Amino acid sequence: MKLYDLDVSGNCYKVRLFAALAGIELTLVPVDFMAGEHKRAPITDLNPLGQIPVLVDGDVSLRDSHAILVYLARAYGGHQWWPEGAAQQGEVMQWLSNSANEIQNGPNAARLVDKFGLPLDKERTLQVSGIILPFMEQHLASNEWLALGRPTIADCAIFPYLAVAWEGGIDMAEYPNISAWMERIKALPNFVPMPGMR
Ligand SMILES: N[C@@H](CCC(=O)N[C@@H](CS)C(=O)NCC(=O)O)C(=O)O
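Below is a short write-up of the structure. (Residues numbered from 1 in each chain as written. Predicted model: local features only at pLDDT ≥ 70, side-chain atom pairs only at ≥ 80, totals over all residues. Heavy atoms only, no water.)

## A short note on the environment of Ser61
- By the element assignment, Ser61 lies in strand 4 (residues 60-63).
- Each residue touching Ser61, except ones within four places of it in the same chain, is listed here: Leu46, Val54, Leu55 and Val56. (Helix = DSSP H or I, 4+ residues; strand = E, 2+ residues; numbered from the N terminus. Contact = heavy atoms within 4.5 Å.)

## Quick look at the site of the ligand
- Taken together, 13 residues lie around the ligand, and Ser9, Lys39, Ile52, Asp64 and Ser65 are the ones closest in.
- The separation between an oxygen atom of the ligand and a polar side-chain atom of Gln51 is 3.1 Å.
- The contact in question runs from a nitrogen atom of the ligand to an N or O atom on the side chain of Asp64, over 2.8 Å.
- The protein chains hide 74% of the 510 Å² of surface that the ligand would expose on its own.
- In this structure, the ligand is accommodated by the largest pocket.
- Class assignment of the residues belonging to the shell around the ligand gives a composition of four nonpolar, seven polar and two charged. (Near = heavy atom within 4 Å. Polar contact = N/O pair within 3.5 Å; in protein donor to acceptor, adjacent residues only side chain to side chain. Areas by Shrake-Rupley, 256 points an atom, 1.4 Å probe, with all protein chains shown as cover. 1 Å grid on protein atoms, 1.4 Å probe; cavity = no way out; pocket = protein on both sides within 12 Å on 5 of 7 lines; lining within 4 Å. Sits in = over half its atoms within 2 Å of the grid points. Nonpolar A, V, L, I, M, F, W, Y, C, P; charged D, E, K, R; others polar.)

## Points about the pattern of salt bridges
- One pass over the full model with this rule turns up five salt bridges.
- Put simply, Arg16 and Asp5 hold a salt bridge, and the shortest N to O gap is 2.7 Å. Of this pair, Arg16 sits in helix 1 (residues 10-22) while Asp5 sits in strand 1 (residues 2-5), placing them 11 residues apart in sequence.
- Between Glu167 and Lys115 there is a salt bridge whose closest N-O contact spans 3.2 Å. One end of the pair, Glu167, is in the loop between helix 6 (153-163) and helix 7 (176-186); the other, Lys115, is in helix 4 (residues 86-116), and 52 residues separate them in sequence.
- The structure contains a network of salt bridges with shared partners spanning Arg111, Lys115 and Glu167. (Salt bridge = Lys/Arg side-chain N within 4 Å of Asp/Glu carboxyl O.)

## So, the packing of aromatic side chains
- By the definition in use, this model includes six aromatic pairs.
- Ring geometry for Tyr13 against Phe159: centres 6.4 Å apart, planes inclined by 50°, an arrangement best described as tilted. Of the two residues, Tyr13 is situated in helix 1 and Phe159 in helix 6; the sequence distance between them amounts to 146 residues. This pair shows no difference in class: Tyr13 is buried, exactly as Phe159 is.
- Judged by centre distance (6.3 Å) and plane angle (75°), the rings of Phe159 and Trp181 are edge-to-face. Here the residue Phe159 occupies a position in helix 6, and Trp181 occupies one in helix 7, the gap between them amounting to 22 residues.
- Classification of Phe159 by relative accessible area gives buried; the value is 0%.
- Given a relative accessible area of 0%, Trp181 falls into the buried group.
- An aromatic cluster of three or more residues is present, and its members are Tyr13, Phe159, Trp181 and Phe191. (Phe/Tyr/Trp six-rings, centres within 6.5 Å; stacked < 30°, edge-to-face > 60°. Buried < 20%, exposed > 50% of the residue type's maximum accessible area, 1.4 Å probe, protein only.)

## Overview of the layout of surface pockets
- There is about 680 Å³ of room inside the largest pocket.
- In terms of lining, the largest pocket is formed by 27 residues, of which the most central are Ser9, Asn11, Phe33, Ile52 and Tyr161.
- Contributions of two or more residues to the lining of the largest pocket are made by helix 1, helix 3 (65-77) and helix 4.
- Taken together, the residues that form the lining of the largest pocket break down as 12 nonpolar, 11 polar and four charged.
- Size it by volume and the second largest pocket reaches roughly 170 Å³. (Points joined across faces, edges and corners; volume = space filled by probe spheres on them.)

Below is the structure:
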């Protein structure tokens with residue numbers, strides 16, 4: 001199973017992290033982002049949006065980190081990570097949507113400005129972060145994990161861009177419950193870090 005990958009990408013790290021925790025073997029195919037490899041074949045044949053991660057598993061080819069998490073968890077990870085029940089799936093999905101929206105446009109976008117120099121509205125990234133992070137902080141005051149009272153793909157989706165949020169000027173020490181949750185993730189068996197993580 002191949003993952004088209006970039007080590008400093010939080011979206012790619014979501015997949016590497018989950019695969020490590022669930023014991024799923026991946027063959028990483030590093031993509032030279034600076035050379036624009038993601039905007040050429042074979043990546044664009046697999047994902048015309050020219051974005052990574054992309055997973056290829058036999059005949060199955062998938063773009064989008066969250067779709068890949070659901071696929072891997074359903075196909076290889078077991079119900080611990082992606083539950084069977086409708087209400088439970090909905091509970092996990094809420095967090096995958098927060099990951100694709102508020103985390104992507106908040107802490108991730110703040111890091112894109114500060115670390116990679118993208119011309120985004122930094123003020124807006126901090127405003128979005130200021131909505132999702134206090135919400136998570138409150139949720140984690142009475143919950144050890146984001147969903148279902150156990151580690152799921154929800155945690156794997158949200159953790160990466162918070163683990164490197166300091167690279168976007170966001171101080172996670174202001175959020176003790178989120179910080180404690182991040183320590184719980186780091187303590188999971190087979191945890192792997194990403195570059196820049198503290
Ligand atoms: N929704 C996608 C977003 C993927 C994404 O934006 N990937 C970045 C790297 S972290 C990328 O390839 N950007 C290039 C571009 O958007 O042109 C996911 O969750 O995987």
